[in-house]
Amino acid sequence: MSTDPTPGASGAETVYFSPERRAAVLVETLPYIQRFAGSIIVVKFGGNAMVDDELAARFAEDVVLMHSVGIRPVVVHGGGPQIGALMDRLGIESEFRDGLRVTDAETLDVARMVLVGKVNRDIVSGINRHGPLAVGLSGEDAGLIRASARNPELGFVGDVESVNPAIIERLLAEDLIPVVSTIGVDLSGQAYNINADTVAAAVAGALGAERILYLTDVEGLLADVDDPSTRISRIDLSGLDALFADGTISGGMIPKVRACVDAVEAGVGSAHMVDGRIPHVVLLELFTDVGIGTMVLPDGGVAADGRGVEGPDGTAPGEVTP
Ligand code: ADP
Ligand code: MG
């Protein structure tokens, strides 16, 4: 990494603070560091952040910083765009049904090679530039993700049957950072490609995670998908039911929001969808009160850590803003 004062990936100018101001900024993060120390936070890495080298480098820094202050981060990643790109290069046609890629044996091979052999390696390497911390895993490793076919017509597209978090817990006990590719296996050893949002929620639930963060390509959940100013800052499960019912949630947001619901129902304190196009969005979410993205809370709107009663923007839980 360059030590030059390069601007961030957003193109924003680097701002220089006095040493005193830097110390003050560090102290401001103290309550957050104390709140999260020792807790498991699952981060689903995806979207633009994963295909932009600068953003990926900022993400790796955020994960290392979390680890350095005593948080136990677990990274779960997807890779749909990278799978599509290699399919194109190999001249293999992708067929989609209801937004899901039909996955025959050849497509599964490509997905597995891209996710486990390329995307996972890139994330692990990015983190390990800062120290010997990250270990890559596939859901096939040590029985981590048991899968079953979603629908025979879709081929090897899987659903999560169960998660055995033992291998992740062992890595966390060794102070390592697990990075999980979302390939699962059935009892016969057949591999399946599984939606990474879904896997992240199941992993977070199985680990008893404090929080789950979804990095995505939008500002968060939007009341009007074409208007970024309609970001919903906080919502509870009943509020989401209403948005599913009226069609506000569509496309790639469907599995993501369902995963947020699953995670919260499984006991995860809160689920957050944040804009992965913002450099250091993970740090902004965890260590500041700027109220970034969309926070999903249990009904009643209080997260396990007490957040959610009064949000930074003063909205009530379940309330749709603006
Ligand atoms: P990811 O890589 O994060 O999984 P997806 O493309 O699968 O990204 O899901 C995010 C997309 O969901 C957005 O880019 C947007 O096009 C779509 N979407 C549908 N409904 C909404 C909504 N209500 N708010 C925000 N995004 C939505
Ligand atoms: Mg998606």
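First, a word on scope: everything that follows refers to the structure included in this document.

**Examining the packing of aromatic side chains**
Part 1: A full pass over the atoms with the stated rule returns 2 aromatic pairs.
Part 2: Taken together, a centroid distance of 3.9 Å and an interplanar angle of 10° make the contact between Phe45 and Phe59 stacked. With Phe45 in strand β1 (residues 40-45) and Phe59 in helix α4 (residues 53-68), this pair connects stretches of sequence that are 14 residues apart.
Part 3: Given the relative accessible area of 2%, Phe45 is considered buried.
Part 4: Ring geometry for Phe156 against Tyr192: centres 5.9 Å apart, planes inclined by 65°, an arrangement best described as edge-to-face. Of the two residues, Phe156 is situated in the loop between β6 (145-149) and β7 (157-163) and Tyr192 in strand β10 (residues 191-194); the sequence distance between them amounts to 36 residues.
Part 5: Over the ring of Phe36 we find Arg35; its NZ or CZ atom is 5.7 Å from the centre of that ring.

**Focus on the pattern of salt bridges**
Part 1: Taken as a whole and assessed by the stated rule, the structure comprises 13 salt bridges.
Part 2: A salt bridge links Arg21 to Glu28; its shortest N-O distance comes to 3.3 Å.
Part 3: A relative accessible area of 45% places Glu28 in the partly exposed class.
Part 4: The salt bridge involving Glu61 is made with Arg58; its shortest N-O contact spans 2.9 Å.

**Structural notes on the nonpolar core**
Part 1: In terms of nonpolar packing, the biggest core is built from 44 residues, with Val42, Ile168, Ile212, Leu221, Leu240 and Val296 touching the most fellow members.
Part 2: If one sorts the elements of this core by residue count, helix α10 (residues 253-265) sits on top with 7 residues.
Part 3: Contact partners of Ile168, with chain neighbours within four places excluded, come to Val74, Leu137, Leu144, Pro178, Val180, Val203 and Leu207.
Part 4: Among the nonpolar cores identified, the runner-up in size contains 43 residues, and Leu55, Val179, Ile183 and Leu213 belong to it.

**Focus on the packing of helix α5 (residues 80-89) against helix α6 (residues 105-128)**
Part 1: In the contact formed by α5 and α6, the axes pass within 9 Å of each other and the chain directions differ by 120°. Here α6 runs oblique to α5, going by the angle between their axes. The two elements α5 and α6 meet at a crossing, and its hand is right-handed. Within the contact between the two elements, α5 uses Gln82, Ile83, Leu86 and Met87 and α6 uses Thr107, Val110, Ala111, Val114, Leu115 and Val119.
Part 2: Taken together, the residues that form the contact of α5 with α6 break down as 8 nonpolar, 2 polar and no charged.

What counts as what
Residues numbered from 1 in each chain as written. Chains lettered and ligands numbered in written order. Predicted model: local features only at pLDDT ≥ 70, side-chain atom pairs only at ≥ 80, totals over all residues. Heavy atoms only, no water. Phe/Tyr/Trp six-rings, centres within 6.5 Å; stacked < 30°, edge-to-face > 60°. Helix = DSSP H or I, 4+ residues; strand = E, 2+ residues; numbered from the N terminus. Buried < 20%, exposed > 50% of the residue type's maximum accessible area, 1.4 Å probe, protein only. Lys NZ or Arg CZ within 6 Å of the ring centre and 35° of its normal. Salt bridge = Lys/Arg side-chain N within 4 Å of Asp/Glu carboxyl O. Core = buried A, V, L, I, M, F, W, Y, C linked by side-chain atoms within 4.5 Å. Contact = heavy atoms within 4.5 Å. Axes fitted to C-alpha atoms, helices over the stretch in contact; angles between N-to-C directions. Parallel < 35°, antiparallel > 145°, perpendicular 65-115°, else oblique. Left-handed = near helix turned anticlockwise from the far one by under 90°. Nonpolar A, V, L, I, M, F, W, Y, C, P; charged D, E, K, R; others polar.

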